[in-house]
Amino acid sequence: MADASPRIVVTREIPQAALDLLREIGDVWWPQPDKALSPGELHQVIAGADAVVSTLQDRVDAAFADAAGPRLKVVSTVAVGYDNIDVPALTSRGIVVTNTPGVLTDATADLAFGLLLAVTRRLGEGERLLRSRTPWSFHLGFMLGSGLQGKTLGIVGLGQIGRAMARRALAFGMDIRYSGRRRADEAIERELGATYLSFEELLSSSDVVSLHCPLTPLTHHLIDADALARMKPSAYLINTTRGPVVDESALAKALADGTIAGAGLDVFENEPEVHPDLLELDNVALAPHLGSATVETRTAMATLAARNAVAVLTGTQPPTPVRG
Ligand SMILES: NC(=O)C1=CN([C@@H]2O[C@H](COP(=O)(O)OP(=O)(O)OC[C@H]3O[C@@H](n4cnc5c(N)ncnc54)[C@H](O)[C@@H]3O)[C@@H](O)[C@H]2O)C=CC1
Ligand SMILES: O=CC(=O)O
């Protein structure tokens, strides 16, 4: 007797094109109407699943694998970051983990650069002024920001998004330096004119520090009060990676007391909560985790995630496995 269709659970609604790919090979369940599932609900709906297409909000660990049961073959996250997934707990059970690198690189770098422009040119502050209907008039000293040409951009983690951020900065006349676990290829250094520095040197010499490393035990609170104190008082911090890479209380204090000049944040330590002190500060540009949030990019991410799940379920090599 032929096996029943695989049961595929999608934990949040995804674009139709991706659902269609999954439906070609299995019975697909997703929450309708779309909503965030509580951990208890998540464990209930994944019971008996052959594949789970998940998002960065889902905690995927041994308890998740136990709740899914022995049929689970693949967890396909619609994200490049997989700090929410205990990869060894899954792979040790023979479950394949996949993610969506590459397809969101440009969108995320665009957003990171947008935050940099927003904070250095005081765009949010200016908009708040206008919306408050406060009287204003153009004059030469009005709402001066900080230019980027000739300034140094320090990139922490020169991976796909870090390199895309560097290319945008080059077009704005910035000099590139980077830190990370190891030196990048010579060809990449040459293309970007990028200098490899220790993390400490990068902090003290950059006009802008932009974070593009993954969240791991090593990068948790990488930017803490000590790191902020090493930065120039005129420097800006951009974080589009994961909130817990930055100690948010220390950052709020550093922004309030002038330890650094400003910050642009797309991600937060306790998402979706934002540290209340940050909300009171004018020198921080805030976005609600919008890095990959374009129609084109989210469609490409979901489609790649669906292709990963389909590949595993049909016994072929998934395009983008996580090698944990
Ligand atoms: N805000 C958003 O919506 C988005 C956020 N992200 C975040 O961006 C991160 C990076 O994504 P990609 O560039 O595609 O990944 P990637 O794997 O291409 O690059 C990560 C880089 O960080 C480096 N790295 C690893 N550990 C490090 C450490 N301890 N210190 C310094 N560098 C370290 C790696 O060597 C690599 O060069 C993701 O892990 C995710 O957390 C990604 C997409 C969208
Ligand atoms: O934050 C988004 C991701 O893809 O990682």
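Going by an unreviewed UniProt entry, the protein carries the name Glyoxylate reductase and comes from Saccharomonospora amisosensis. Entered under Sequence similarities (unreviewed entry) in the UniProt record, the comment concerning the protein runs "Belongs to the D-isomer specific 2-hydroxyacid dehydrogenase family."

Asks: Let's hear about the overall build of the protein: which residues, and what values?
Replies: A tally of helices and strands in the protein yields 13 helices and 12 strands. The C-alpha atoms of the protein give 22 Å as radius of gyration, which agrees with the globular expectation for 324 residues (20 Å, within 12%). Taken along its principal axes, the extent of the C-alpha atoms in the protein is 80 × 50 × 30 Å. Within the protein, buried positions represent 48% of all 324 residues. Expressed as a percentage of contacts within the protein between residues at least 6 apart in sequence, the contacts between residues at least 24 apart total 60%. Just so you have it, the protein exposes about 15700 Å², and 54% of that area is on carbon and sulfur atoms.

Asks: Which residues make up empty space enclosed by the protein, and what values do they have?
Replies: Under the defined criterion, the tally for this structure stands at 1 cavity of 30 Å³ or more. By volume, the largest cavity amounts to about 30 Å³. Lining the largest cavity, in full, are Asn 239, Gly 243, Val 246, Glu 248, Leu 251, Leu 265, Val 267 and Phe 268. Residues belonging to the lining of the largest cavity are distributed by class as follows: 5 nonpolar, 2 polar and 1 charged.

Asks: An account of the site of ligand 2 is requested, with residue identities and associated values reported.
Replies: Close to ligand 2 lie Leu 56, Ala 79, Val 80, Gly 81, Leu 104, Arg 242 and His 289. The contact in question runs from an oxygen atom of ligand 2 to an N or O atom on the backbone of Val 80, over 2.8 Å. In this structure, Gly 81 approaches ligand 2 through a main-chain N or O atom, which is 2.8 Å from an oxygen atom. Summarising the interface, the protein chains cover 88% of the accessible area of ligand 2, which totals 190 Å² for the free molecule. Within the shell around ligand 2, the residues separate by chemical class into 4 nonpolar, 2 polar and 1 charged.

Asks: Break down the sheet that holds strand 7 (residues 175-179) for me, with residues and values.
Replies: With respect to topology, 7 strands assemble into an open sheet ordered 8-7-6-9-10-11-12, the strand pairing being parallel. Each edge of the sheet is formed by a strand with only one pairing partner; in this case those strands are strand 8 (195-196) and strand 12 (284-286). Relative to strand 10 (residues 236-239), strand 9 (residues 208-211) is paired through 4 bridges, and the arrangement is parallel. Considered in strand 10, the bridge of Val 209 is made with Leu 237. Relative to strand 6 (residues 152-156), helix 7 (residues 160-171) is tilted by about 175 degrees, and along the sheet it contacts strand 6, strand 7 and strand 9.

Asks: Tell me about the packing of aromatic side chains, residues and numbers included.
Replies: Per the stated rule, a full pass over the model turns up 3 aromatic pairs. Judged by centre distance (5.9 Å) and plane angle (10 degrees), the ring pair of Trp 136 and Phe 142 falls under stacked. With relative accessibility at 48%, the residue Trp 136 sits in the partly exposed group.

Rules used throughout
Residues numbered from 1 in each chain as written. Chains lettered and ligands numbered in written order. Predicted model: local features only at pLDDT ≥ 70, side-chain atom pairs only at ≥ 80, totals over all residues. Heavy atoms only, no water. UniProt positions renumbered as here; feature names shortened; annotations may be inferred. Helix = DSSP H or I, 4+ residues; strand = E, 2+ residues; numbered from the N terminus. Rg over C-alpha atoms; globule rule 2.2 N^0.38 Å. Buried < 20%, exposed > 50% of the residue type's maximum accessible area, 1.4 Å probe, protein only. Contact = heavy atoms within 4.5 Å. Areas by Shrake-Rupley, 256 points an atom, 1.4 Å probe, with all protein chains shown as cover. 1 Å grid on protein atoms, 1.4 Å probe; cavity = no way out; pocket = protein on both sides within 12 Å on 5 of 7 lines; lining within 4 Å. Points joined across faces, edges and corners; volume = space filled by probe spheres on them. Nonpolar A, V, L, I, M, F, W, Y, C, P; charged D, E, K, R; others polar. Near = heavy atom within 4 Å. Polar contact = N/O pair within 3.5 Å; in protein donor to acceptor, adjacent residues only side chain to side chain. Pairing = 2+ DSSP bridges. Axes fitted to C-alpha atoms, helices over the stretch in contact; angles between N-to-C directions. Phe/Tyr/Trp six-rings, centres within 6.5 Å; stacked < 30°, edge-to-face > 60°.

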